[in-house]
Amino acid sequence: MDIGIYRYVPTVDGLVAEVRSAADRGFTSFWMPQIFGLDTLSAYAAVAREVPDIDLGTAAVPIHRAHPMALAQQALTVSQLNGGRLALGIGLSHQVVVESMWGLSYDKPLLHMREYLAALLPMLSGEPSSFDGETVISHGSVEVAAPAPKVLVAALGPRMLELAGTVADGTVTWMVGPKTLAAHIVPSINRAAEAAGRARPRVTAAMPVCVTDDIERARELVAETFIMYGGLPSYRAMLDREGAAGPEDVAVVGSAAEVAEQLVGIGDSGVTTIAAYEVGNPDELDATREVLASLL
């Protein structure tokens, strides 16, 4: 099991500092979402020049926001800059974002992801894309000399996990608890990869982590910080599967020994990378970083 750091940072200079700090402590990867601030891949282009010795992961870039050719150009540019150490996490975002904010169709999301990958993957490997689908049309190639990034599909449901295991390099999750990772996410994607004759997929699980002696207050902080995710349908389904009332119930919280034990257990379930979103006051953040570093 690898340990990475997961965080949104609002400035490029701040992101460079955060990634450098993670690399200096020996963490194998740094992960950042694509939300409503910095463009993650654009920011990673700057990071790659400054901190070349750490994997960079997106968790995840919404596919509706760019044609596959445009995303291939961005991803390969970053891959060229950081020597192929990019993990390109992509996802569907949410209906409320795609339709209400962007005015685009969220119809047939599984089909759209399938067709998007059919157009995207050849271009990432230096091959031309020639695809005429119902939701995606793509004809052309991208001429960027760079290693193809690993593609991780943000997959939670059974059919999306099957797609990820069949054609992509793995998945990246958020707001998924340990029971659901062990009983649903890992076995589902592994079965699909095995049936397709593919290598064991990467499973990156991003989750809030806090080393603390005040567990109740830490869970309250997680609940307040991530309250929106409890109401989004895709995450709500995973919380319900876990038997969790909200994000606070899937956070890894406790003493140093308890947090370490929980993280090791998650790794033993088949998760290949834990991307830790550290939460808490300054002392708790320091203690959490120490425990994470001890597991490297």
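As shown above, the structure is provided for reference.
Residues numbered from 1 in each chain as written. Predicted model: local features only at pLDDT ≥ 70, side-chain atom pairs only at ≥ 80, totals over all residues. Heavy atoms only, no water.

1. Side note on the pattern of salt bridges
In this structure the tally under the stated criterion is 10 salt bridges. Between Glu 290 and Arg 25 there is a salt bridge, and its shortest N-O distance comes to 3.3 Å. Pair noted here: Glu 290 is in helix H11 (residues 282-294) and Arg 25 is in the loop between helix H1 (12-24) and strand S2 (29-32), with a separation of 265 residues, a long-range link. Looking at Glu 290, the relative accessible area reads 46%, which means it is partly exposed. Here Arg 289 and Glu 278 are joined by a salt bridge, their closest N and O atoms 2.6 Å apart. You can see Arg 289 sitting in helix H11 and its partner Glu 278 sitting in strand S12 (residues 273-278), a full 11 residues away along the chain. Judged by its relative accessible area of 4%, Glu 278 falls in the buried class. (Salt bridge = Lys/Arg side-chain N within 4 Å of Asp/Glu carboxyl O. Helix = DSSP H or I, 4+ residues; strand = E, 2+ residues; numbered from the N terminus. Buried < 20%, exposed > 50% of the residue type's maximum accessible area, 1.4 Å probe, protein only.)

2. Quick look at the pairing of strand S8 (residues 150-153)
Looking at chain direction, strand S5 (residues 86-91) and S8 are connected through four bridges and run parallel. What sits directly across from Ala 87, in S8, is Lys 150. Note that S8 and strand S9 (residues 170-174) share two bridges and pair parallel. Across the sheet, Leu 152 pairs through a bridge with Gly 170, a residue of S9. Taking the sense of rotation as the criterion, the β-α-β connection linking S8, helix H6 (residues 158-167) and S9 turns out right-handed. (Pairing = 2+ DSSP bridges. Right-handed = clockwise from strand over helix to strand, strands pointing away.)

3. Things to note about the layout of surface pockets
By volume, the largest pocket is sized at about 1,200 Å³. Lining the largest pocket are 43 residues, with Leu 92, Ser 93, His 94, Ser 234 and Tyr 235 positioned closest to its centre. Among the secondary structure elements, those contributing two or more residues to the lining of the largest pocket are helix H4 (95-101), helix H5 (109-124), H6, S9 and helix H9 (233-242). Looking at the lining of the largest pocket, its residues break down into 32 nonpolar, nine polar and two charged. Approximately 190 Å³ is the volume attributed to the second largest pocket. Residue classes in the lining of the second largest pocket are distributed as six nonpolar, five polar and three charged. (1 Å grid on protein atoms, 1.4 Å probe; cavity = no way out; pocket = protein on both sides within 12 Å on 5 of 7 lines; lining within 4 Å. Points joined across faces, edges and corners; volume = space filled by probe spheres on them. Nonpolar A, V, L, I, M, F, W, Y, C, P; charged D, E, K, R; others polar.)

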